[in-house]
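Given next are the chains, with one letter for each unit.
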Amino acid sequence: MTGRSRAERRLGWLLCAPAVLAMLLVTGYPILNAFWLSLHRFDLRFPEQSQFVGLANYASVLGSEVWWRALSNTLIITLGSVGLELVLGFALALLMFKATMGRRTIRTVILIPYAMITVVAALAWKFAFDPTTGFVNALLNLDQAWLSERWSAFFVIIFSEIWKTTPFMALLLLAGLTLIPQDLLKAARVDGATARQRFVKITLPLMKPTILVALLFRTLDAFRIFDTVYIQTRGAADTETVSIVGYNVLIARLNLGLGSAVSVLIFLGVLLIALLFIKGFSAPLTRSGGQ
Amino acid sequence: MTLRNRREDFFWSVFGAAVVAYALIPVAWIVSLSLKRPADLNDRRFFPSPVTFDNYRAIFADAQFPAALWNSFGIALIATALSIVLALFAAYAVVRLDFPGKKLVLGGVLAVSMFPPVSLIGPLFNLWRTVGLYDTWAGLIIPYMTFTLPLAIWTLSAFFRELPWDLDKAARIDGATPFQAFVHIIVPLAAPGVFTAAILVFIFAWNDFLFATSLTSTNAARTVPAAIAFFTGSSQFEQPTGSIAAASVVVTLPVVVIVLLFQKRIVAGLTAGAVKG
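Residues numbered from 1 in each chain as written. Chains lettered and ligands numbered in written order. Predicted model: local features only at pLDDT ≥ 70, side-chain atom pairs only at ≥ 80, totals over all residues. Heavy atoms only, no water.

## Some details on the overall build of chain B
Stage number 1. When its secondary structure is counted, chain B shows 12 helices and 0 strands.
Stage number 2. Listing each helix as α and each strand as β along chain B from the N terminus yields α-α-α-α-α-α-α-α-α-α-α-α.
Stage number 3. Counting only C-alpha atoms and orienting by the principal axes, one finds that chain B spans roughly 75 × 70 × 35 Å.
Stage number 4. Residues classed as buried in chain B amount to 52% of the 277 residues present. (Helix = DSSP H or I, 4+ residues; strand = E, 2+ residues; numbered from the N terminus. Buried < 20%, exposed > 50% of the residue type's maximum accessible area, 1.4 Å probe, protein only.)

Listed below in structure tokens is the structure:
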């Protein structure tokens with residue numbers, strides 16, 4: 001038995017090793033490398049001037065207004081899109097769950113935004129909101145240069161994000177909805193609970209784990225937003241997000257030292273969000289669930 | 001009771017119709033733009049009035065777009081094949097074998113899927129230039145695999161957990177070798193799950209923009225999403241809107257068709273990977 005379990009142990013590790021190694025090599029090594037680079041002055045245009053500078057890169061990133069603006073822009077986009085997606089996603093999930101007519105059609109169509117490339121979705125909405133080529137202004141009888149002003153640009157970016165990713169949220173929530181025992185809802189209905197009461201007191205508490213998973217996935221995704229902003233404004237009109245800043249410093253300006261400091265800070269941001277959610281996961285479900 | 005149900009039904013039907021329209025608008029809009037003549041681009045109309053296929057002819061006549069399409073297909077297919085093979089091993093081990101560190105593997109996989117890609121592009125850019133992987137297929141396939149492996153491992157292990165492994169045991173008792181049992185019983189049962197995971201992985205690789213823009217520079221490896229973003233048009237006086245729209249339709253269609261054909265499995269795969277874990 002011990003021989004067998006030892007063989008099993010070895011096989012387990014052997015089978016996992018290639019995947020684990022592939023992931024470690026491309027995430028573990030670069031993040032350590034990024035950390036190391038972030039402690040150096042390292043500009044690819046002037047490689048001979050490289051030297052160890054300690055935390056100076058972090059000081060200049062954290063001391064610059066660009067970083068804090070980008071961080072608040074990212075948070076605005078994250079909160080705006082994820083918050084609305086949760087509400088819309090819930091409505092969509094309920095629709096898919098309850099619709100008697102055309103449920104299959106809805107389930108199929110809802111996958112189209114998911115299947116569409118983010119870049120293409122961003123372009124489609126960019127062209128739609130464009131004052132000269134778009135139909136949105138004609139439809140609303142407006143004369144608005146959407147992407148050249150900060151708040152209207154945010155509106156278009158958040159709108160595009162919501163369009164693209166609500167289906168994902170809805171599908172996860174739908175999976176959670178199907179796990180709720182229907183007898184419970186029926187019993188509550190017989191006992192005279194209104195639709196609202198049933199939703200707030202039964203559906204929501206039972207859905208809490210699913211909601212947290214969906215929120216975590218979407219929040220992390222939204223925090224890393226790059227494609228939509230790059231395509232729609234390239235960060236102009238004060239819509240730069242942290243990923244855009246990172247990309248610009250690293251790839252456009254080739255400043256690996258400073259850019260790596262930005263990368264490490266983004267990594268820490270993602271880590272912080274994940275930790276906050278994981279704390280939320282382990283919080284006793286009954287506390288907010290009972291009332 | 002029946003009246004209330006009918007009213008509810010009506011409400012959900014109207015809502016459903018609205019959702020269908022909403023989901024289709026950008027797709028219809030980009031198709032419409034791709035069929036407009038350059039002169040009609042600014043007519044602000046939703047539907048093209050004289051329909052032209054010139055934009056499609058133009059992008060395929062250009063050297064850039066067909067090369068990007070070829071890169072996209074090749075890179076996404078190879079990344080998918082490699083990820084699925086490695087993920088199959090790992091998922092099998094995680095579901096069927098007992099070994100210390102199993103939780104660590106699953107936790108690590110989850111951590112990688114949450115990793116911000118922008119944190120990798122600096123070091124990868126630098127490293128790839130040193131080792132000669134910058135602007136090559138392999139230079140994109142490797143980072144794609146990193147992010148598609150977690151997706152594939154979670155989806156496959158969620159799927160494997162549902163398989164009736166007793167059949168495998170029974171076959172072995174009946175005298176089949178482990179290999180025979182695996183090939184004749186488990187592989188056919190697992191095929192739909194593998195297929196689902198492959199579609200999800202393919203979509204991920206097909207969709208990527210950040211790695212494709214930062215780790216490529218020429219037609220040698222630039223994929224369609226990156227190529228579209230750098231379209232310049234046939235002359236500097238002409239907005240490339242029409243060609244961008246046409247290229248967008250061409251890259252969207254294959255994925256939309258795949259997704260619509262296999263929608264049931266994809267929904268199952270997405271939710272199994274994410275919710276059941």
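## Remarks on the overall build of chain A
Stage number 1. Along its length, chain A carries 14 helices and 2 strands.
Stage number 2. Viewed in the frame of its principal axes, chain A has a C-alpha envelope of about 80 × 75 × 35 Å.
Stage number 3. Taken across its 291 residues, chain A has 55% of its residues classed as buried.
Stage number 4. When the accessible area of chain A is evaluated, it comes to approximately 13500 Å², of which 67% is carbon and sulfur surface.
Stage number 5. Positive and negative charge centroids in chain A, built from 26 and 15 side chains respectively, lie 14 Å apart. (Areas by Shrake-Rupley, 256 points an atom, 1.4 Å probe, with all protein chains shown as cover. Lys, Arg positive; Asp, Glu negative; His and termini not counted. Charge placed at Lys NZ, Arg CZ, Asp CG, Glu CD.)

## Concerning the packing of aromatic side chains
Stage number 1. Under the counting rule described, the total for this entry stands at 32 aromatic pairs over all chains.
Stage number 2. Look at Phe267 of chain A and Phe115 of chain B: their rings are 5.1 Å apart centre to centre, the planes differ by 45°, and that puts the pair in the tilted class. You can see Phe267 of chain A sitting in helix α13 (residues 256–282) and its partner Phe115 of chain B sitting in the loop between α4 (102–113) and α5 (118–131), one on each of two chains.
Stage number 3. Summarising the aromatic geometry, the rings of Phe125 of chain B and Tyr134 of chain B are spaced 5.4 Å apart at their centres and angled 90° between planes, so their arrangement reads as edge-to-face.
Stage number 4. The class of Phe125 of chain B is buried, set by a relative accessible area of 4%.
Stage number 5. A relative accessible area of 22% places Tyr134 of chain B in the partly exposed class.
Stage number 6. Over the ring of Trp151 of chain A we find Arg150 of chain A, and its NZ or CZ is 5.1 Å from the ring centre.
Stage number 7. Against the face of Tyr134 of chain B rests Arg129 of chain B, its NZ or CZ located 6.0 Å from the ring centre. (Phe/Tyr/Trp six-rings, centres within 6.5 Å; stacked < 30°, edge-to-face > 60°. Lys NZ or Arg CZ within 6 Å of the ring centre and 35° of its normal.)

## Describing the interface of chain A and chain B
Stage number 1. Across the boundary between the two partners, chain A contributes 92 residues, which contact 89 residues of chain B.
Stage number 2. Contact between chain A and chain B buries roughly 8000 Å² in total, counting both sides, with carbon and sulfur atoms accounting for 77%.
Stage number 3. In this structure, the connection of chain A to chain B is made through 0 salt bridges.
Stage number 4. Along the contact surface separating chain A from chain B lie 10 residue pairs in polar contact (both at pLDDT 80 or more).
Stage number 5. With 20 residues, the single largest contributor to the side of chain A that touches chain B is helix α1 (residues 2–38) of chain A.
Stage number 6. Across the side of chain A that touches chain B, the residue classes break down as 67 nonpolar, 14 polar and 11 charged. (Contact = heavy atoms within 4.5 Å. Buried area = accessible area lost by both parts, 1.4 Å probe. Salt bridge = Lys/Arg side-chain N within 4 Å of Asp/Glu carboxyl O. Polar contact = N/O pair within 3.5 Å; in protein donor to acceptor, adjacent residues only side chain to side chain. Nonpolar A, V, L, I, M, F, W, Y, C, P; charged D, E, K, R; others polar.)

## Comments concerning the side chain of Thr148 of chain B
Residue and element names in this part refer to chain B.
Stage number 1. Along the chain, Thr148 turns up in helix α6 (residues 137–161).
Stage number 2. Using a relative accessible area of 0% as the deciding quantity, one classes Thr148 as buried.
Stage number 3. Excluding anything up to four places from it in sequence, Thr148 contacts Ser83, Val201 and Phe204.

## Some points on the environment of Leu62 of chain A
Residue and element names in this part refer to chain A.
Stage number 1. With respect to the element layout, Leu62 can be found in helix α2 (residues 56–63).
Stage number 2. Taking the C-alpha atoms as reference points, Leu62 and Tyr29, 33 residues apart in sequence, are found 25 Å from one another.
Stage number 3. Sequence-distant contacts of Leu62, defined by excluding residues within four places in its chain, comprise Trp67, Trp68 and Leu265.

## Some details on the environment of Ala81 of chain B
Stage number 1. Mapping Ala81 of chain B onto the fold places it in helix α3 (residues 64–96).
Stage number 2. Considered as a pair, Ala81 of chain B and Phe204 of chain B are 123 residues apart in the sequence and their alpha carbons are 13 Å apart.

## Focus: the environment of Leu111 of chain A
Stage number 1. You can see Leu111 of chain A is positioned in helix α5 (residues 111–115).
Stage number 2. Residue class for Leu111 of chain A comes out buried when judged on its relative accessible area of 0%.
Stage number 3. When neighbours within four sequence positions are excluded, Leu111 of chain A is seen to be in contact with Leu171 of chain A together with Val259, Gln263, Ile266 and Val267 of chain B.

## Looking at the confidence of the model for chain A
Reading predicted coordinates in detail is not appropriate for stretches of low pLDDT.
Stage number 1. Looking at chain A as a whole, the pLDDT averages 86, with 95% of positions reaching at least 70.
Stage number 2. Counting interchain partners and residues more than four positions distant, the pLDDT-below-50 stretch residues 284–291 of chain A has 5 contacts. (pLDDT = per-residue confidence, 0-100.)

## Some details on α6 of chain B
All names here are of chain B.
Stage number 1. Compared with the 36 Å implied by 1.5 Å per residue over 25 residues, the 34 Å span of α6 between its first and last C-alpha is a close match.
Stage number 2. The sharpest bend along α6 reaches about 35° and sits at Thr148, with the proline Pro150 one to four residues further on.
Stage number 3. Where burial is concerned, most of α6 is hidden: 19 out of the 25 residues are buried. (Expected span 1.5 Å × (residues − 1). Bend = angle between axes of the 7 residues up to and from the residue.)

## Considerations on empty space enclosed by the protein
Residues and elements named next belong to chain B.
Stage number 1. A full pass over the atoms with the stated rule returns 1 cavity of 30 Å³ or more.
Stage number 2. Of the pockets and cavities examined, the largest cavity occupies roughly 30 Å³.
Stage number 3. Taken together, Ser72, Ile75, Ala76, Tyr144, Ala205, Trp206 and Thr223 make up the full set of residues lining the largest cavity.
Stage number 4. Those elements that provide at least two residues to the lining of the largest cavity are α3 and α8 (178–207).
Stage number 5. Considering every element that reaches the lining of the largest cavity, the biggest residue donor is α3, with 3 residues. (1 Å grid on protein atoms, 1.4 Å probe; cavity = no way out; pocket = protein on both sides within 12 Å on 5 of 7 lines; lining within 4 Å. Points joined across faces, edges and corners; volume = space filled by probe spheres on them.)

## Overview of the pattern of salt bridges
Two side chains carrying opposite charge are able to pair once their charged atoms lie near each other.
Stage number 1. As enumerated under the stated definition, the model contains 7 salt bridges over all chains in all.
Stage number 2. Between Glu85 of chain A and Arg218 of chain A there is a salt bridge whose closest N-O contact spans 2.6 Å. In this pair, Glu85 of chain A is assigned in helix α3 (residues 65–98) and Arg218 of chain A in helix α10 (residues 195–223), connecting sequence segments 133 residues apart.
Stage number 3. Given the relative accessible area of 0%, Glu85 of chain A is considered buried.
Stage number 4. By relative accessible area, Arg218 of chain A is classed as buried at 1%.
Stage number 5. Residues Asp54 of chain B and Arg57 of chain B are paired through a salt bridge, measuring 2.8 Å at the closest nitrogen-oxygen approach. With Asp54 of chain B and Arg57 of chain B both in helix α2 (residues 54–61), this residue pair falls 3 residues apart, about one helical turn.
Stage number 6. Judged by its relative accessible area of 44%, Asp54 of chain B falls in the partly exposed class.
Stage number 7. Each member of the salt-bridge network shares a partner with another, and the members are Glu85, Glu161, Arg218, Asp221 and Arg224 of chain A.

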